Amino acid sequence: MIYFDQAATSIPMLPAVIDEMVHTMEHIGANPGRGTHALGVQASDIVLRTRSKACDVFGVQHVNQCLFFSSATVSLNQAILGYPWEEGDHVIVSTMEHNAVRRPLEVAKQRYNINITYIHWTGNKEEFVAQIKQHITPHTKMIALTHASNVTGDILPVEEICKGVSETKEITTLVDASQTIGHISIDMTKSNIDMLAFPGHKGLRGPKGIGMLLVNKEIELSPIHFGGSGGQALSTSPPIEWPQRFETGTMNVPAIAGLYASLCNMEKHMKENVSRETKLVTNIQAALEKIDNIVVYGPSIHDQRVPVVAFNIKDVDSEEVALILDAHYDIAVRAGLHCNALGHETLHTTDQGVIRASINATNVEEEVQTFIQAVQEIAASYKQLD
Ligand SMILES: Cc1ncc(COP(=O)(O)O)c(C=O)c1O
């Protein structure tokens, strides 16, 4: 099997991640923050050292504001639905947002009567930055942006935008780094990113079932889940203290241990692999662009990007092509809408979807060649049907 669906979830996980997880499951396995026994203390240490690692790696001021959730999606829900909205508040987002941002925002709109402006992404960064600036009003409380599109691999100029509003303390910046984590270095303090969400299982090659929301500003966030957190059991309200205020239920300690291993490896991984990944993905795109009947979406081969390429074979249903790649060539890609209806509206591909090939450092040039050969054959077979 050639696995070109790394933007959905990465396979295989890093060996160091698996080792950490297995060790934790075999030798620790207890609940952090609940028991005072030795195993509980060890589990708490794993959680704390991972929080501290995230704090260091991403330039967060307070370790207690590095929060664990079960995914990037839940982290984004917490950031958006836990925000202290008031009626009439305004939020700016791009038209490339994943449903993990769009849906909670639309819920917040219904719940709190806020206004949302979607800024059209054309691929032109200067125009996009100017559009965002133009749409800021005295009511704007949040700018929420995906760092890179999960459909096309475009990188949005989030750092420039976040830095640009650093003087405006009323505006909170929220970045969905699901597709850039492990590909692009992020320092929240330097870039004026107030909240950052990411999952363990994509570019970090870490575990599923874990994500983080990092908060680098004083924000009166309210929890979106309620239940046990190991402290203040007599109170009917959640604890005031962070992170206990938000982290309800038994924590996924093996996944947190695995995330620690992937965060420890992140810098080395980026140094060694990002340019290779970029070369592989631009090789794919350059070869696709030479095939008759193929439309490629997103950045040009010269643009900075994450290792994702989106394309279609003329007007053929993208799911059909993905099915052929899987059944006849043993190649896994993702087709359809990629949980991103907005992005597809932007690309005018809502009916057809797109075929998305996404790679990482474990993929090799030989796989790229096999993939290109397969797409050439499929495209040629549809041409014969014309
Ligand atoms: C841009 C973006 N945001 C959010 C998510 C949600 O991530 P998760 O499924 O890990 O919660 C994804 C996953 O594909 C994504 O690509």
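This is a predicted model, so every value here is computed, not measured. (Residues numbered from 1 in each chain as written. Predicted model: local features only at pLDDT ≥ 70, side-chain atom pairs only at ≥ 80, totals over all residues.)

**Q** Could you give me a rundown of the environment of Y260, with the residues and numbers involved?
**A** Along the chain, Y260 turns up in helix α8 (residues 253–289). Judged by local crowding, Y260 falls into the buried class, with 25 C-beta atoms found within 10 Å. With 115 residues separating them in the primary sequence, Y260 and L145 have C-alpha atoms 26 Å apart. The contacts of Y260, once residues within four sequence positions are left out, are E20, I46, R49, T50 and K53. (Helix = DSSP H or I, 4+ residues; strand = E, 2+ residues; numbered from the N terminus. Buried ≥ 20, exposed ≤ 12 C-beta atoms within 10 Å, placed from the backbone. Contact = placed C-beta atoms within 7 Å.)

**Q** Describe in detail the sheet that holds strand β2 (residues 66–69), supporting the description with residues and values.
**A** For sheets, the rule is that strands pair by backbone hydrogen bonds, running either parallel or antiparallel. The seven strands are arranged β2-β8-β7-β6-β5-β3-β4 in an open sheet whose pairing can be described as mixed. Looking at the sheet topology across the chains shown, the edges are occupied by β2 and β4 (115–119). Averaged over all pairs of adjacent strands, the angle between their axes in this sheet comes to 20°, without regard to strand direction. In this sheet, strand β8 (residues 211–215) lies alongside β2 in antiparallel orientation, the contact comprising four bridges. Across the sheet, residue F68 finds its bridge partner in β8, namely M212. (Pairing = 2+ DSSP bridges. Axes fitted to C-alpha atoms, helices over the stretch in contact; angles between N-to-C directions.)

**Q** Give me the pairing of strand β7 (residues 195–199): which residues, what numbers.
**A** Among the five residues that make up β7, five are buried, leaving the element largely enclosed by the rest of the structure. On β7, burial covers both faces: M195, A197 and P199 on one face and L196 and F198 on the other are all buried. Sheet analysis places strand β6 (residues 172–176) next to β7, joined by three bridges and oriented parallel. Counterpart to D176 in the pairing with β7 is A197.

**Q** Requested: an account of the packing of α8 against helix α11 (residues 365–385), with residues and values cited.
**A** Each packed pair of helices is defined by two parameters, the angle between the axes and the distance between the axes. Axis separation between α8 and α11 bottoms out at 10 Å; the angle between their running directions is 20°. In terms of their interaxial angle, α8 and α11 are classed as roughly parallel. Read as a crossing pair, α8 and α11 show a hand that is right-handed. Residues L280, N283, I284, A287 and L288 of α8 form the contact with α11, whose own contacting residues are E365, V368, F371, I372 and V375. Classifying every residue of the contact of α8 with α11 gives eight nonpolar, one polar and one charged. (Parallel < 35°, antiparallel > 145°, perpendicular 65-115°, else oblique. Left-handed = near helix turned anticlockwise from the far one by under 90°. Nonpolar A, V, L, I, M, F, W, Y, C, P; charged D, E, K, R; others polar.)

**Q** Let's hear about the site of the ligand: which residues, and what values?
**A** S71, T73, N150, S178 and P199 are the nearest of the 13 residues found near the ligand. Residue composition of the shell around the ligand, by class: four nonpolar, eight polar and one charged. (Near = placed C-beta within 6 Å.)

**Q** Let's hear about helix α3 (residues 72–81): which residues, and what values?
**A** Here α3 lies mainly inside the structure; nine of its ten residues are buried. Three or more residues of α3 are buried, namely A72, T73, V74, S75, L76, N77, Q78, A79 and I80. As for α3, its buried residues are in contact with β2, α4 (99–112), β5 (140–146), β6, β7 and β8.

The values are spatial; any link to function lies outside them.
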